[in-house]
Structures are given as C-alpha cells and as structure tokens.
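# Secondary and tertiary structure notes
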Amino acid sequence: MNFLENIFANLEHSAVRAVLQEARASGIVAANGGELRAQIEVARAFLRRAGMQKGDRCALLAHNSIRWAAVNLALVAEGVIVVPLYARQAAKELADIMRNAEPKLICAGDAALANALRAEWREAPRIALFDEIFDAGAGEKAAALPPVARTDADGAAIIYTSGTSGEPKGVVLTTGNLSFMVQRTTERLDQLMTGHEGAERVFHYAPFCFAGSWILMLSCLSRTSVLTLSMELSRLQLEMEVAAPHYFQNVPTLLERVRRSIEEGMAKRGGLVSKLISSARTSWFQKQSGTPCRFGWFWLGLARAAVFPAIRKRLGKNLKALICGSAPLSRETQQFFMMLGIQVLQVYGLTETTGICTMDIPGHAEPGWVGPAVAGVEMKIGEALEILVRGPNVFPGYWKRPEETAKVLREGWFHTGDQGEVNANGNWRIVGRIKNLLILNSGHNVAPEPIEEKLLGALPGAQQAVLIGHGRRYLVAIVTGDVAQERVAAAIEMVNAEMPHYKQVHGFHIERQAFTIESGLLTALGKVKRDAISARFATEIETMYREKSA
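Below, the structure is looked at part by part. (Residues numbered from 1 in each chain as written. Predicted model: local features only at pLDDT ≥ 70, side-chain atom pairs only at ≥ 80, totals over all residues. Heavy atoms only, no water.)

## What to know about the overall build of the chain
Rule in force here: Note on conventions: DSSP H or I runs of at least 4 residues are helices, E runs of at least 2 residues are strands, and numbering of each starts at the N terminus. The atom set for the radius of gyration is the C-alpha atoms, and the globule formula is 2.2 Å times the number of residues raised to the power 0.38. Note on definitions: a residue-residue contact is assigned when non-hydrogen atoms from the two residues lie within 4.5 Å. Method for areas: the Shrake-Rupley scheme with a 1.4 Å probe, in which residue coverage is limited to the protein chains shown. Positive residues here are Lys and Arg, negative ones are Asp and Glu, while His and the chain termini are left out of the count. Charged side chains are reduced to one point each, which is NZ for Lys, CZ for Arg, CG for Asp and CD for Glu.
Within the chain, the secondary structure is distributed over 19 helices and 25 strands. Expected size for 550 residues packed as a compact globule is a radius of gyration near 24 Å; at 24 Å, the chain falls within 12% of this value. Taken along the three principal axes of its C-alpha coordinates, the chain extends 70 × 55 × 45 Å. Sequence separation of at least 24 residues holds for 66% of the intrachain contacts in the chain that already meet a minimum separation of 6. Accessible area for the chain stands at about 24,100 Å²; split by element, carbon and sulfur atoms hold 52% of it. Considering the chain, the positive charge centre built from 61 side chains and the negative charge centre built from 55 side chains are found 4 Å apart.

Structure (structure tokens):
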C-alpha cells in the first residue's frame, strides 16, 4: 500500500478516536478518524464537480487546520498534484509562484487570502473557499471511495522552496518519495515510543506547506496518534500545556528562545536555588567538554532531583523528545535540554530529499550532529565537502526547470549544496552551505556558520550573528539583540583566539532588533537571508570597513 492507502486504512480503524484537533482559545475542536474521512470525501466530491482530474494542479493556500488536512488528502486521493503555499507569504510572491505552477484551481482558507491574491493576479483561475468546499456537501453523506490508482512515479505535490536568495523553485515530490519517507519516519517514531500504550500525543505549530511539516502530519495520520494543531503562536505555551505532547517538531529559533527564557527565569530566582542551578549547569557543560569538575556529580544530582523536574513539567508532563530540523541547532542548546533530561533529536534534509536524509536515533543522539542516514538512503562527501544523497527520497526534478534539475541531479546523486562530515558512528554534521562561503580577496575560503555559532555561544542574549566578508580583506559581523559593545568585543576576542588569522573577525555592528520573517531578513523557516541582510545593512557594513582602514 502507498502512504495514502495506509492513512485511509488507519482512519477507518480510528473511526471513533480523535486523530486531529485544533487548540483554539474557546477550547479544543477535534475530529475523529470517521469525521476526517467524511470531510475528505466531501472535498473529493467538490473536486470532481469542479472538473479536477488526475495530473491537474491545485494550489492550497490556508493556515493549518483540520480542513487543511482534509482538502490536502482529498486532492491526493483524486490524483491531483497539490501545490501547498505559505499563507503568510506576500500576495505578490504567491501570485508569482502560482503563475509558474499554473494551477487549475486554488483552494483558499478564507476570503482575506483569496481577495489579496485576486488583487495581485487578476487572471487567477477559480478560487474556492473552504466554506464553499465543505458547505456544498453539507447534509450529504459522501461514499467512501478508494484513492485514485497511482504509481510510485506519479507526482503528488510541488513544494516551492523558501530560498535564502533567488526566486523559489518548485520541487516535485512523487507518491514513491512520500511513501518511502512516511515509512522511515514511523520506524523512528516506533523507536522513540517503545513501550508506550495508547494514542501518542503530538503538538505542531509549523505550517504544513513545508515538506518536513507535511511528512509529520502524514506520519501521525498513519499511526495511533492525536495531532494537536497550534492555532495562534501568541498562545503557544498554553496550547502546549493543553496538548501535553510526547514529542513535537521544532525549528531552532524556538528552542533557542525557550532556552533563554528558562535561563533568565532561573537567574531571577536568586538565593540558594539560583546558585544550585548555576553550579549544576557549570558542572554539566564541563563534563560535556571533558573537563573534570570537583563535586560536579553532587550539584547535578541535586538539581536533577530538586529543580529540573519542575522545568520539564512546564514544557510538558508527557514530553519524551523535542524533534528539531530546518536549520542548524547550536550544540550548547542541545546539551542544555539534555542536562534537563529532555532528548533533542535532530533531523537533516531538504525539500528535494522529501524533507529528510538523516534522523537521530532515540537514546543515541550526539550533540552537534544530526544523526545517521535513514535506512535506504546513501550519503557521501563530494568535492568541497559537499553532501551527496541517493535514494528513494530524492525528488525527480524541479517543475519546468530542466537546467536547474541537471545542475543538482548528476549521475544518480543529488548535490545538496551543504557541506558536511560523518564520524565513526555514522552520524553526520552539517558544516555550512557552499553558496554561503565567504571568499576573501586573499583567496581564503571561510564557512561562516561555525564561527557564527561560536559567537552566539559566547554571547548570551544575542539573537543572531551574521558574518560579512565576501571579496573583502577580512571578516566583520552583524550581531542582533540587547547586548553591550564591550561584551560583543570580548566574545569576538575569545573566538578569534581559536581561529587562524583569516577566520578572525575585525569589526562588528550591533542591531538591537532581531531579524524576522516579517522584515524580510529570515525565510519562513527561520534561516537568515544573507543577500538581503547585506543589502539592508550596506551603509553599516561600509562604515565597519572604513573605520578599520582609517
């Protein structure tokens, strides 16, 4: 059976058990397996009336919801190629993407999204609101039909990459890609949940339009799970308490924020408790670095017995693991949660690899590494330390971009553009991004990410650090957050002491406001847009170089 046939079978098995629920301010809105299956069939009937046929494309523009899942699965069940879109993206960018995808139909979550799109794209095809799709079948009981027959090679989705520079490219994912990856994720989740009985509780806040989020949703609907959807990021803490998850997917930005919040809260407590926590933290990090600490075992043991359980309870009484992907997570943050007794399992992959290449094995995660390649996927190092991938998870190509496809798919291997290394345990580490390499005018090549991570590790309170220096004589940095000049200077001096001359930072600019998605300086998944940052801060960058030359 393919991934969709498995999901349909699981929904029938879970007919009276909640499988999806929305955490709303007014309370939980849930759908059991039977209700979700019925919504899927109502949406399928609408699609047939709208003339949608196998191989047609349909854009899906909406925020996460039970209805999003129903429409998404209905489209796949009818053999339609889904084009899921980020609902917070600018209307002009969405219109440009859809002009490229050429959908026959657009399914929109609400009128505001539809109206904004129509204002930018007057020639848009029919836009059907969710209310129209589901109200059309109100009061009718649609027959539960099997999915339209499809082969592993049939396209199932076109997911547009967020891109840190340049225009988004449409990544075609096939039925085979998705079936393979859902099988692999469920195998790893089985390992995590060994010994657990009953439904797993999962929480999710990232948009389903991204490959990793979609795979999580499909995996949960293939399992005995109840997936709780965040409906308002400002209520995230309350929603997490309601969801009480066993695990949930994260981006590094959130885990960094949670870590800072916990550390600040611990520091404010003062007195004996604050001293205990500080001693335990020092002991833990010295232990991780291999430095012996006298009485370290005592402080750690005391904190684990008296303090850390309360912190874990705040994050979720059932929490077994935090799953993290989409961007590099600092080693210190992963070690911090490990100190509290919470596993952080990293995942590495790209949209072109159906979201995943590697996954940490529960109980065997190494901080700073992103786990081994999943079973059935081959990975190796190519020129310039580039990670190459081959396997059933690799996409067949970019939509209407044969030249771009030929650049990254060569001799059966996908060229990721990421630099990495693998250790004796088979675990991979991501060093940087080839296109992010800073080539100084001396000819030295510098991967910025490891230096940026070290700077942030030495600068509590800093939000981001971005190195500049391509084509220049030396490196400078832009640091965001509420940090003092003296502290930044001291952190740079400390990091420089470990670096060869060409990797040393010789100037910095502090920007109090952190880079955000809304400012256009981060992608939707929290990755920095280096070209946009260089353009936005061109004056400040030139000032740093003039001051050094003066």
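Having seen it, we continue.
## A closer look at the pairing of strand β4 (residues 81-85)
Our working rule: Throughout, exposure labels follow a simple rule: accessible area from a 1.4 Å probe, protein chains only, divided by the maximum for the residue type, with under 20% read as buried, over 50% as exposed, and the rest as partly exposed. Whether two strands pair depends on DSSP finding at least two bridges between them. Seen with its strands pointing away from the viewer, a crossover is right-handed if its path from the first strand over the helix to the second goes clockwise.
Among the five residues of β4, five are classified as buried, and the element is accordingly described as predominantly covered. With burial as the criterion, each face of β4 is covered, one bearing Ile81, Val83 and Leu85 and the other bearing Val82 and Pro84. Two strands pair when backbone bridges link them, and strand β3 (residues 57-61) and β4 are joined in this way by five bridges, in the parallel orientation. Along β4, the bridge assignment pairs Leu60 with Pro84. In terms of handedness, the path from β3 via helix α3 (residues 66-77) over to β4 forms a crossover that is right-handed.

## Thoughts on the environment of Ala365
Mapped onto the elements, Ala365 comes out in the loop between β14 (358-359) and β15 (378-381). Here Ala365 is in contact with Gln334, Val344, Leu345 and Asp360, once residues within four sequence places are set aside.

## A short note on the packing of aromatic side chains
To keep it simple, the criterion reads: Centres within 6.5 Å make a pair out of two Phe, Tyr or Trp rings, where for Trp the six-membered ring is used; the pair is then stacked when the planes are under 30 degrees apart, edge-to-face when over 60, and tilted otherwise. Look at NZ for Lys and CZ for Arg. If either is within 6 Å of the ring centre and within 35 degrees of the ring normal, a charge sits over the ring.
Under the criterion given, the structure shown has 10 aromatic pairs. Relative to Tyr545, the ring of Tyr474 lies with its centre 5.0 Å away and its plane at 40°, an arrangement referred to as tilted. Of this pair, Tyr474 sits in the loop between β23 (462-468) and β24 (475-481) while Tyr545 sits in helix α19 (residues 538-549); the two residues are 71 residues apart in sequence, bridging distant segments of the chain. Each member of the pair, Tyr474 as well as Tyr545, is classed as buried. An aromatic cluster of at least three residues, connected via ring pairs, comprises Phe395, Tyr398 and Phe414. Directly above the ring of Tyr545 sits Arg472, whose terminal nitrogen or CZ lies 4.3 Å from the centroid.

## A short note on the sheet that holds strand β11 (residues 247-250)
Stated formally: Each axis is a line fitted through C-alpha atoms, taken for helices only over the stretch in contact, and angles between the N-to-C directions span 0 to 180 degrees.
Taken in spatial order, the eight strands make up an open sheet running β2-β1-β10-β9-β11-β12-β13-β14, and their pairing is mixed. Looking at the sheet topology across the chains shown, the edges are occupied by β2 (27-32) and β14. Against the sheet, helix α2 (residues 33-49) touches β1 (18-24) and β2, its axis set at about 75° to β2.

## So, the nonpolar core
Quick reminder of the rule: Nine residue types can take part in a nonpolar core, namely buried Ala, Val, Leu, Ile, Met, Phe, Trp, Tyr and Cys, and a core is a set of them joined through side-chain atoms within 4.5 Å.
Of all hydrophobic cores here, the largest spans 82 residues; its most connected members are Leu20, Leu36, Ile133, Trp214, Met217, Leu218 and Tyr247. Listed in part, the 32 residues of the second largest apolar core include Phe248, Val307, Leu315 and Phe337.

## Regarding the sheet that holds β23
With mixed pairing, the three strands of this open sheet are ordered in space as β23-β24-β25. Bordering the open sheet on either side are β23 and β25 (505-511), each of which pairs with just one other strand. The sheet shows a mean angle of 20° between the axes of neighbouring strands, direction not considered. Strand contacts of helix α16 (residues 448-457): β23, β24 and β25, with the helix running at about 145° to β23, the strand carrying the most contacts. Contacts from helix α17 (residues 485-496) reach β24 and β25, with the element oriented near 145° to β25.

## A look at the side chain of Arg401
Mapped onto the elements, Arg401 comes out in the loop between β17 (397-398) and α15 (402-408). For Arg401, a relative accessible area of 18% corresponds to the buried category. Not counting residues within four places of it along the chain, the set of residues in contact with Arg401 comprises Glu167, Pro168 and Lys169.

## Side note on the environment of Gly469
Considering the arrangement of structural elements, one finds Gly469 in the loop between β23 and β24. For Gly469, a relative accessible area of 1% gives the class buried. Each C-alpha atom of the pair Gly469 and Ile541 lies 9.5 Å from the other, and the pair is 72 residues apart in sequence. Beyond its immediate stretch of four places on either side in the chain, Gly469 contacts Leu438, Ile439, Leu440, Tyr474, Leu475 and Tyr545.

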